[in-house]
Amino acid sequence: MLRFIRPSQSKWSARQSSPVFPVAMLVALLSLVVLVFPAVPAWAAQLPYWNSRIISGTQPFPWHEMRLPQTVVPTHYDLTIHPNLTTLTFTGVVRILVDVLEDVDAIVMHAKDLKTSNVKLTTPQGVRPLQVLENSVYQQLALLSDKVIPKGEDYKIHMEFSANLSDTYHGFYKSSYRTGGGEVRILASTQFEATFARAAFPCFDEPSFKANFTIAIVRESRHVAISNMPKIKTVNLPGNVFEDHFATTVKMSTYLVAFIVSDFHSVSKMTQHGVKISIYAVAEKINQTDFALDAAVRLLDFYDTYFSIPYPLPKQDLAAIPDFQAGAMENWGLTTYREEALLYHPEKSSMADKVQTARIIAHELAHQWFGNLVTMEWWNDLWLNEGFAKFMEFIALDMTYPELEANDLFLGKCYHAMEMDSFLSSHPISTPVENPTEIQEMFDEVSYDKGACVLNMLKDFLTAEAFEVGIIRYLKRYSYRNTANSHLWESLTNICDSNELHDPSPKQREFCWKHGIQSGEGRYEGNKFDIKSIMDTWTLQKGFPLVNIDFKNRKILLSQQRYLKIEKEPAAADDAAITAVKIPENQIWKIPLTYKTSASNTTHHFLMKSAVDLLRIPNQVDWIKFNVDMSGYYIVDYGKDGWKSMIKLLQKNHTALSNKDRASLIHDVFRLVSIEKVSLQTALDLSTYLSKEKDIMAVTQALAELIPIYKMIERREIFLLEESMKVFMLDLFKDLIDSQRWDDSGSTPERTLRSYLLMFACVRNYTPCVSKARQLFNVWKDSGGKTSLPVDTTLAVYAVGAQTAEGWDFLFEHYRQSLQMSVKHRIQVALTISPLRQKLKMILQESLRGEVIKTQDFPDVLVSVSRNPKGQRLAWDFLRANWATLIHKFEIGSSAIAHMVTGVTNPFSTKTMLTSVWKFFNPLTDEMGGDMRCIQQAYDNIAGNVRWAETNFPELQSWLRKRQRFIHEDL
């Protein structure tokens, strides 16, 4: 699944609890009470677990753990489901073939908010009814038999069920869209990852319970039904309805089951390997599917070849869903997407939109192998799905769409992950989880972005060729099975083991012959390393290392420590004071270091295994740059003299370093300012070279560092400092801004940078930019929005237009009428950064209502308004006032809730606001989301902002004053 947090918007909690043991103890105690008391005692009736029906009547629920027992496993589901899009309900029947591995008298499985009936078990001796108990806290059903069910025989569970279509974005839920003529049309779609298949049909809803699925869907004649597999027949039923039957799936997990009933149209094309690709969308938007169709064909063919394992299904559908919380979902054979993520208009979508659509498709199709074919054993290793898919999306686009230069965006993913990973409230990539909320929380930057970045580091360490052979080995070994971390490391170790070379993959055979290892006599150099011991330091402990460099006379003393942005966390006190907490000791990583020097362009490798190490270089050099092209997930402190050398190099000849190296230096130096290892003056001195910089990676990274500083000043209303900072930033990039053309010419990076720079300049009221944008907006508005604007300029043009009430209203109406999702997105951004407070309040209300702006977009609207100085407090108040609604609609623990909590509070930089945040979240119960990791992350971030401001504002003021004086003297 791809989380949907736009690139432009850039746990354990202190109150962490483990509910499994206490609940089990409670159930045991209550069971004893039941034996003594004939009825429920008054005191017990007040307990939430009792009210949650852990006990039905006088009979205790027979299972007391969140995870299902391993005594009964499904092998095949025969599922028929009938959604009624008029009553917004659904009914169904499921027949589950199961293997009984131990003698049992109860079968425990999952169901959530389902009414079940006619529950029975078919045995070799006949059919017997089963009694049903429900544990709604654990979302489990127990099917009780009046006699023992012996192991080793074939059994079939029969259950009928019904429920309402969900009004959230999970389970089997209702979606809708409005036609150009104003008619509202309803459809039903599914989103089962991670724990929501149980809300659509009773099942064994854990990833290791893989089975085959035969699905039938009942629909009206005006609708079409699609599912994981192709339709094989349609049966006419009484009442003018039809039953579509689909081919049986391959063996897979429940969270990958999918079905949609809608009036979508489709377009199709065949891949070179004979797979039918189809795009489904609402009729009026089907003309925006050409790029997605071509991309899906090209990418699936690439993966077929790259993985040396053919895609196992006969078709792959991609469906654009009008209401969808995530970015996309990898359901096997039927991937689902936000409309914005899949639809692309060649004349009205930007190059950034094109890159994003290609990336999202690449991500979901990579999942067909990583996640679907080979699935993590349990959600603690979600990164084996998501980290790999994130990593592969960049590999795939680099090979299939090199002109998009998408690989340059990879650094941003690592920086984004480091931001979260720099706090005590982070978590290891592989983290124990049990309940649905904890599982939901795993869908974050650590699982996705950090997972991808450590894989990229390992690929660079082993070489791309060896890494590719290893992951193919992993996929072949564990096809249709479940895995843990250790299985991956084993597959990447001794990839030319002579014991396996009797049946190698073609790529493995070629690699091993090339390196002279086919006889087992030689060894590829990477094999001498213990991959597991190296990678366990990256996946089983949280955080990342800071490598300190002490360079003297060709000797480099290396030392490492955990990078922590703040080594304290808020106390539970009204003043939200900052209190010390215990820092983990002896946290050591095995770091695959890379470096280049002034003497050579060769990249050198060194594995740092201990807290302190010594590296010798053969020649005296002027400078040394570690973490070449940011291939490693660590940051570097060069020391006072080392940073002076880097500043001197950048001022004299910045192109001596690659664009990625320049971006990583900017990133690292500002990270070091945050922990007071480097002065702000050093970071600002380094940034002055940017007046000569033209590369998108370095420019956007610099703006990502400088703009938050400016916004912190702006919100504190330190007006003279704010003006000085704005003058500095505009002066730094003035020549580059002035050189931008107001058209759509150039390469993908040039066009993306143009859009970014014009938006930056206009929002900062740079007069030439504002004048041109206002002129273009007025012409476009006077034409009724019918004239064509250069796509790369529209974000800046809309932003300037939204500064007035008349312009804002015109944009809102254009949003209402537009069918182009990328146009809607850019208008939405412009509306949220307007200075008009009443309009900001209106867009918050409208997006939560969901009639014009879809409620799925509310998290982005809320966070964008919060980043607007005029809307910061408004967004915070709105979040608090609507908290109960939001946690119902978006689910506790979801990435959408985390995005809202951390996004809205991210700008806060005063102890007063830290207190306000603490006072709201601290009293919340677990049922209201009070134990979410994102709340602790919010505390950590605000505390970090407070410290940064108190430490650095005086130095910033002094540096800017000195710079202005020097400029005036030069003039």
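Structural data are supplied above this passage.
Heads up: these notes are all about the structure in this document. Given the structure is predicted, the values throughout are model-derived calculations rather than measurements. Sequence order as written defines the numbering, with residues in each chain counted from 1. Per-residue local features of the predicted model are confined to residues with pLDDT of at least 70, and side-chain atom pairs are confined, for both listing and counting, to 80 or more; whole-chain, interface and lining totals are unaffected and use all residues. To get the side-chain values, all heavy atoms of the structure are used, and hydrogens and water are removed first.

Take the sheet that holds strand S32 (residues 624-626) next. Between any two strands, pairing holds if DSSP finds at least two bridges. In this description a helix means any DSSP run of H or I spanning at least four residues, a strand means any run of E spanning at least two, and both kinds are numbered starting from the N terminus. On the basis of which strands lie adjacent, the open sheet formed by three strands has the order S30-S29-S32 and antiparallel pairing. Since the sheet does not close on itself, it has two edges, and those belong to strand S30 (600-608) and S32, each with one partner. Sheet twist, expressed as the average angle between the axes of neighbouring strands with direction ignored, equals 25 degrees. To obtain an axis, a line is fitted to C-alpha atoms, over the contacting stretch when the element is a helix, and the angle between two such axes runs from 0 to 180 degrees between their N-to-C directions.

Moving on: unusual backbone geometry. The omega torsion of the bond from Glu193 to Ala194 falls at 5 degrees, within 30 degrees of zero and hence cis. When you line up the elements, Ala194 lands in the loop between strand S12 (184-191) and strand S13 (212-220). One non-glycine residue with positive phi stands out, namely Arg554, at about 65 degrees. As for its placement among the helices and strands, Arg554 is situated in the loop between strand S25 (545-552) and strand S26 (555-562). You can call Arg554 partly exposed: its relative accessible area is 40%. Positive phi outside glycine occurs at Glu676, with the angle close to 60 degrees. Any residue under 20% of the maximum accessible area for its type is buried, any over 50% is exposed, and the rest in between are partly exposed; the area is computed with a 1.4 Å probe on protein chains only.

Moving on, we get to the sheet that holds strand S9 (residues 140-149). Ordered by their spatial adjacency, three strands build an open sheet running S5-S9-S8, and the pairing between neighbours is antiparallel. Lying at the two open borders of the sheet, with one neighbouring strand each, are strand S5 (104-110) and strand S8 (131-135). Within this sheet the neighbouring strands show an average axis-to-axis angle of 25 degrees, counted without direction. Bridge count between S5 and S9: six bridges; the pairing is antiparallel. Across the sheet, the residue bridging to Val108 is Ala142, located in S9.

Moving on to the state of the cysteines. Cysteine sulfur atoms that pair up within 2.5 Å are treated as a disulfide. Counting across every chain of the model gives two disulfides. A sulfur-sulfur distance of 2.1 Å marks the disulfide that ties Cys414 to Cys453. In this structure the cystine formed by Cys414 and Cys453 twists about its S-S bond by roughly -105 degrees; its chirality is therefore left-handed. You can see Cys414 sitting in helix H8 (residues 410-421) and its partner Cys453 sitting in helix H10 (residues 445-462), a full 39 residues away along the chain. Assigned by exposure class, Cys414 and Cys453 land together as buried. Covalently, Cys762 is tied to Cys769 through a disulfide, its sulfur atoms 2.2 Å apart. A torsion of -90 degrees about the S-S bond marks the disulfide between Cys762 and Cys769 as left-handed. We note that Cys762, like Cys769, is buried.

Let's shift gears to the nonpolar core. If you look at the biggest cluster of nonpolar residues, it comprises 318 residues, and the most contacted ones within it are Phe201, Phe626 and Phe921. Here, residues are in contact when the closest pair of their heavy atoms is within 4.5 Å. Those residues in contact with Phe626, other than ones at most four positions away along the chain, are Ile549, Ile556, Leu558, Leu593, Thr594, Tyr595, Leu615, Val636 and Tyr638. Only buried residues count toward a nonpolar core. Its members are Ala, Val, Leu, Ile, Met, Phe, Trp, Tyr and Cys residues joined through side-chain atoms within 4.5 Å.

Right, let's get into helix H19 (residues 719-738). Values of bend correspond, residue by residue, to the angle between axes fitted over the seven residues ending at that residue and the seven starting there. At Leu732, H19 shows its strongest bend, of approximately 45 degrees. Along H19, the positions that sit buried rather than exposed are Leu721, Glu722, Ser724, Met725, Lys726, Phe728, Met729, Leu730, Leu732, Phe733, Leu736 and Ile737.

Two aromatic rings from Phe, Tyr or Trp, using only the six-membered ring of Trp, form a pair when their centres are within 6.5 Å; if the ring planes differ by under 30 degrees the pair is stacked, by over 60 it is edge-to-face, and anything between is tilted. Following the criterion strictly, the structure yields 50 aromatic pairs and no others. Ring geometry for Phe394 versus Phe410: centroids 5.2 Å apart, planes at 85 degrees, classification edge-to-face. Of this pair, Phe394 sits in helix H7 (residues 383-400) while Phe410 is found in helix H8, placing the two residues 16 residues apart along the sequence. The buried category is assigned to Phe394, whose relative accessible area is 1%. An aromatic cluster of at least three residues, connected via ring pairs, comprises Phe302, Tyr303, Tyr306, Phe307, Tyr311, Trp369, Phe370, Phe388, Phe391, Phe467, Tyr474 and Tyr478. A ring is scored as having a charge over it whenever the NZ atom of a lysine or the CZ atom of an arginine sits within 6 Å of its centre and within 35 degrees of its normal. We note Arg67 situated over the ring of Trp378; from NZ or CZ to the ring centre the distance is 3.6 Å. Stacked on the ring of Tyr815, the Lys or Arg Lys824 has its end atom at 4.1 Å from the ring centre.

A few words on the pattern of salt bridges. Each salt bridge in this description consists of a side-chain nitrogen of Lys or Arg and a carboxyl oxygen of Asp or Glu lying within 4 Å of one another. Per the stated rule, a full pass over the model turns up 38 salt bridges. The shortest N-O distance in the salt bridge between Asp637 and Lys677 comes to 3.8 Å. Note that Asp637 is positioned in strand S33 (residues 635-637) and Lys677 in the loop between helix H16 (659-674) and helix H17 (680-687), a separation of 40 residues in sequence. For Asp637, a relative accessible area of 7% puts it in the buried group. When the shortest N-O distance is used, the salt bridge between Asp744 and Arg751 registers 3.8 Å. Given the relative accessible area of 30%, Asp744 is considered partly exposed. With a relative accessible area of 12%, Arg751 lands in the buried category.

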